[in-house]
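Now for the letters of each chain:
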Amino acid sequence: MWFLENAWLVPLVPAVSFAVILLVGKRLPKQGSEVGVAAVGASFVLACGAALQWIQRVADAEGADAEGGHALARVIGALGRSVGRLGAEEAHGAVVEPVTRHTTWFQNGGVELGVGIQIDGLAVMMMFVVTLISLLVHVYSTEYMRGDRRFTHYYAALSLFTASMLTLVVADNTLQLLVGWELVGLCSFMLIGHWWEEKPNSDAALKAFLTTRTGDIGLLTGVIMTYFVVERATGEGSFSILAVNEAATSGEVGHTLLFWTAAALLLGIIGKSGQFPLHTWLPDAMAGPTPVSALIHAATMVVAGVYLGARVYPVFWEGFSIDDGGVNLMAAVGGITVIIGAALAFVQDDVKKVLAYSTISQLGYMVMGLGVGAWTAAVFHLFTHAFFKANLFLGAGSVSHSGSHHSFDMKKDMGGLRTVMPTTYRTFLIGTLALAGIFPLAGFWSKDEILLGAGENGYELFLVVGLVGAFMTAAYMTRCVYYVFFGEYRGGDHAHADPSHAAGDEVVEHHLAEAQDRHEDDRLPVATAHAHDDGHHGAPHESPGLITVPLVVLSVFSVFAGFLNATAFDIEKFQEWVEPTVAFVPVEHHAFDWTKAVISVAIALLGIGASYAYYWLGLGPQRLAERNAVARAGKRFLVEKYYLDHLYTDVVVGFVKAPLARAAYWFNQHVIDNVLNYTGRGARALGRVTYDYVDQKGVDGVVNGIGLTTGEAGGAVRTIQTGRLQFYAFLLVAAVVVFAALLWVAG
Amino acid sequence: MLLNQFLLLGAVLFGTGVYGVLTRRHTVLVLMSIELMLAAVNINLVAFGAFSGSVAGQVFALFVLTIAAAEVGVGLAIVLLIFRNLHSSDLDDVDVLKG
């Protein structure tokens, strides 16, 4: 129980490490990276301890319950084996209380706001994922970011990023969750804009921050509403997550309130988890260093939204009437995101952007899974996705680090790398297959369960959406593998660093950083840096062990993580450990369906096959977009990202900005100026009066008087100051004698 | 034993000290006169202490001795510096504080 009760240490350790790195990091031999790695490693150990103890706790609870069930069975033993089976079934639903600790943060007007931890299966699972991915990213970054000009700050921000996400994960109330959530947003801003000298990078950071802020308005509203949800149910408001969930399931709260609470929280999820229509920041967030992208996409940033959805799931369940089937807001948002994200991944040249849109699409799966009532499947997908997406991102980073001269453009600078970078190739391939949902890798089990849940819970439409998404996922990932690892190597000539290209920004920056490392001269012109870089790097080669080992670890997880809940083989450990048993809704579990599984794998294989035929064999309508006007328009629509960015910056912001500016100008000219003018005149008149009467006569008179008096007094006393020591001593003795005489007379 | 004898001795010593401080020109002699005054004070303290049967007076006297030693240390250092700067140890030459 120690690890569970002291789980608050898990976020605290990286938080302390953040402070330590900031304060003394630059003076340490490895510039603070060792502190970060050690702290996150310690966190990982603590999280593992908590996970083991939680599993033990679940087993204990089930053991106790099973005993009770067996006793019952013995009493009614005559009824035979059927009752025994009933007892066993009850044992499966054993109640495992979450471990909570709570302390008051502050009290205000009778409302107590606290900080605390609520550790249950979900929190333990997230702690494990976050600390593991973060640890691997920390290790990976020691090589990837070597010689970066803000290496220490990078590690400080990475530590804070991990700490914030863990704060969010262990939070026992929605308010604390909000604090962690905002901190995560801030850290992602810092890390996306890590190379802020390049304008596109700082723009991307700002865009990520502001777009998620838009969603955060919803989250803030939702968090406030959860307080009133609890108040409606129990008479006393509270932000406690358990209380919120209990209130939502109690049936005492009106449906309208729950619906709007759920809708507000969903807006938060849309912003944070890159759901349509606020997904536009996520691909731009690729401006940050690649390990950060892995962290953002797998563990710390975007899954926060899905985690929120899973955490206060009863609110969504009741608010959106998820049990009814058909269509609801949450499932619809997720479903749309699955398709639009996957479609955009087809037109990207930047390998990181392919992965970014893939993340959007996969997050769509998770939100859709929550929306169709497949809670366990959605959370399981979060779990498995973390491993293979981190794997893919770090793989892309490895390629750019050692294979393509820090470029991410897979059409221009990659290709044919499978022979020179075998480890990266194999791990990337495993990640791709896992993402595509090929049996029996991790992605298969989780994605299949989401599809199964959608089909069985009365959301057939979303089953179809999911299958289409699976086809597209397999196809675009195959395209990506083709461009990166197959064909001819295209990065040979180095006239490539086109600064206008999105990927070029990181190139230039990275070159500069490296140049600085070697020459210790940060005023080195970019061109010179390039020249040196060519000589330095030469042919593509495999990355060093600090990069490949995390890749291998992650690909092992990508293969085997799915077996935690391999329902086909009656393994339901994940469900047993993670699904809450207190204040939760009756989510249904469905028996594994081989037919559906075969269909979904077949569809994924079809996607791979289609891509294979198109790219390897050159079948199908090649360069259709150049010949057919409709196809060209379609492609342009995709390349322009559905014109959403134009919609936001030009239309929405434009329409708000211009009238706002005009109104502000009018207000400025007519109101503020007048106020200022009259104030100015009044102040001047007052100043004149003050000068004439108060200053000249009053103040000056007093000052002069004091000066004069002091001068006169000084002149009088001056004569005593002879400068002769013995005269002073005489005065002293005389004074003593006089006082003694006075005392004598008085006594 | 009479207290008065000790008090008288103390008064005489103190008076000698005051006279020395006020009349002597030589800095070192002035310092020595100050020491005399302190000694007078010590005699008074010890006498009163013995008279009232407590050790407090003697303890005070010990403290005064310690302070006196430190004071002489500082005082002689000052005298040395004055002599170095003014090439004289006559107190009448030191009148830079004259108003």
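As the structure is a prediction and not an experimental result, all values here were calculated from the model.

Conventions and cut-offs
Residues numbered from 1 in each chain as written. Chains lettered and ligands numbered in written order. Predicted model: local features only at pLDDT ≥ 70, side-chain atom pairs only at ≥ 80, totals over all residues. Helix = DSSP H or I, 4+ residues; strand = E, 2+ residues; numbered from the N terminus. Buried ≥ 20, exposed ≤ 12 C-beta atoms within 10 Å, placed from the backbone. Contact = placed C-beta atoms within 7 Å. Expected span 1.5 Å × (residues − 1). Axes fitted to C-alpha atoms, helices over the stretch in contact; angles between N-to-C directions. Parallel < 35°, antiparallel > 145°, perpendicular 65-115°, else oblique. Left-handed = near helix turned anticlockwise from the far one by under 90°. Nonpolar A, V, L, I, M, F, W, Y, C, P; charged D, E, K, R; others polar. Core = buried A, V, L, I, M, F, W, Y, C linked by C-beta atoms within 7 Å. pLDDT = per-residue confidence, 0-100.

1. A look at the overall build of chain B
Inference 1: Scanning chain B from N- to C-terminus turns up 3 helices and 0 strands.
Inference 2: Along chain B, from the amino end to the carboxyl end, the secondary structure elements read α-α-α.
Inference 3: When burial is assessed residue by residue, chain B has 18% of its 99 residues classed as buried.
Inference 4: Taking the intrachain contacts of chain B between residues at least 6 apart in sequence as the baseline, contacts between residues at least 24 apart amount to 45%.

2. Some words on the overall build of chain A
Inference 1: For chain A, the helix and strand inventory stands at 29 helices and 2 strands.
Inference 2: A fraction of 78% describes how many contacts in chain A between residues 6 or more apart in sequence connect residues 24 or more apart.

3. A closer look at unusual backbone geometry
All names here are of chain A.
Inference 1: Note the cis peptide between F276 and P277, where omega equals 5 degrees.
Inference 2: Its location among the elements puts P277 in the loop between α10 (255-272) and α11 (281-284).
Inference 3: The backbone of S321 shows a phi angle near 45 degrees, a positive value even though the residue is not glycine.

4. Quick notes on helix α2 (residues 27-52) of chain B
Residues and elements named next belong to chain B.
Inference 1: The terminal C-alpha atoms of α2, which comprises 26 residues, lie 38 Å apart, in line with the 38 Å expected from a rise of 1.5 Å per residue.
Inference 2: Those residues of α2 that sit buried are T27, V30, S33, L36, L38, A39, A40, N42, I43, N44, L45 and A47.
Inference 3: Summarising the contacts, the buried residues of α2 are in contact with α1 (3-23) and α3 (56-86).
Inference 4: G53 lies just past α2 and shows a positive phi near 75 degrees.

5. Side note on the packing of helix α13 (residues 303-311) of chain A against helix α17 (residues 375-402) of chain A
Residue and element names in this part refer to chain A.
Inference 1: With their axes 10 Å apart at the nearest point, α13 and α17 run at an angle of 155 degrees to one another. Taken together, the axis directions place α13 and α17 in an arrangement best described as roughly antiparallel. Crossing angle aside, the handedness with which α13 passes α17 is left-handed. Where α13 abuts α17, its residues V303, V306 and A310 lie against W375, A378, V379, L382 and A386.
Inference 2: Residues belonging to the contact of α13 with α17 are distributed by class as follows: 8 nonpolar, no polar and no charged.

6. Observations regarding the nonpolar core
Inference 1: In this structure, M127, I133, A378 and A390 of chain A are the most contacted members of the largest nonpolar core, which totals 203 residues.
Inference 2: Residues L36, L38, A40 and A47 of chain B belong to the second largest nonpolar core, which totals 6 residues.

7. Re the interface of chain A and chain B
Inference 1: The interface is formed by 10 residues belonging to chain A together with 11 residues belonging to chain B.
Inference 2: The dominant element in the side of chain A that touches chain B, judged by the number of residues it contributes, is helix α29 (residues 725-746) of chain A, at 5 residues.
Inference 3: Grouping the amino acids of the side of chain A that touches chain B by side-chain chemistry returns 4 nonpolar, 4 polar and 2 charged.

8. Thoughts on α29 of chain A
Inference 1: When the terminal C-alpha atoms of α29 of chain A are compared, their 32 Å separation across 22 residues agrees well with the 32 Å that a helix rising 1.5 Å per residue should span.
Inference 2: Counting buried positions along α29 of chain A gives 0 out of 22 residues, so the element sits mostly on the surface.

9. Describing the confidence of the model for chain B
Inference 1: Across chain B, the average pLDDT comes to 89, with 98% of residues at or above 70.
Inference 2: Across the predicted assembly, pTM comes out at 0.69 and ipTM at 0.83.

10. Brief notes about the packing of helix α15 (residues 329-345) of chain A against helix α16 (residues 351-371) of chain A
All names here are of chain A.
Inference 1: Running from N to C, α15 and α16 cross one another at 160 degrees; their axes reach a closest spacing of 7 Å. As the angle between them shows, α15 and α16 are arranged roughly antiparallel. Seen from above, α15 lies across α16 with left-handed handedness. When α15 is examined against α16, the residues M330, A331, V333, G334, G335, T337, V338, G341, A342, L344 and A345 are found in contact with a partner set consisting of V354, Y357, S358, I360, S361, L363, G364, Y365, V367, M368, L370 and G371.
Inference 2: Tallied by class, the residues present in the contact of α15 with α16 amount to 15 nonpolar, 8 polar and no charged.

11. What about the environment of T359 of chain A?
All names here are of chain A.
Inference 1: Checked against the element boundaries, T359 lands in helix α16.
Inference 2: Separated by 77 residues in the primary sequence, T359 and L282 have C-alpha atoms spaced 8.8 Å apart.
Inference 3: In this structure, T359 is in contact with G274, L282, H297, V302 and K389, ignoring residues within four places of it in sequence.

12. Considerations on the environment of P291 of chain A
All names here are of chain A.
Inference 1: Looking at the element boundaries, P291 is found in helix α12 (residues 290-300).
Inference 2: Residue classification places P291 among the buried residues on the basis of 28 C-beta atoms within 10 Å.
Inference 3: The spacing of P291 and A396 is 105 residues in sequence and 9.6 Å in space, taken between C-alpha atoms.
Inference 4: If sequence neighbours within four positions are ignored, P291 has contacts with V137, Y140, S141, Y144, L394 and G397.

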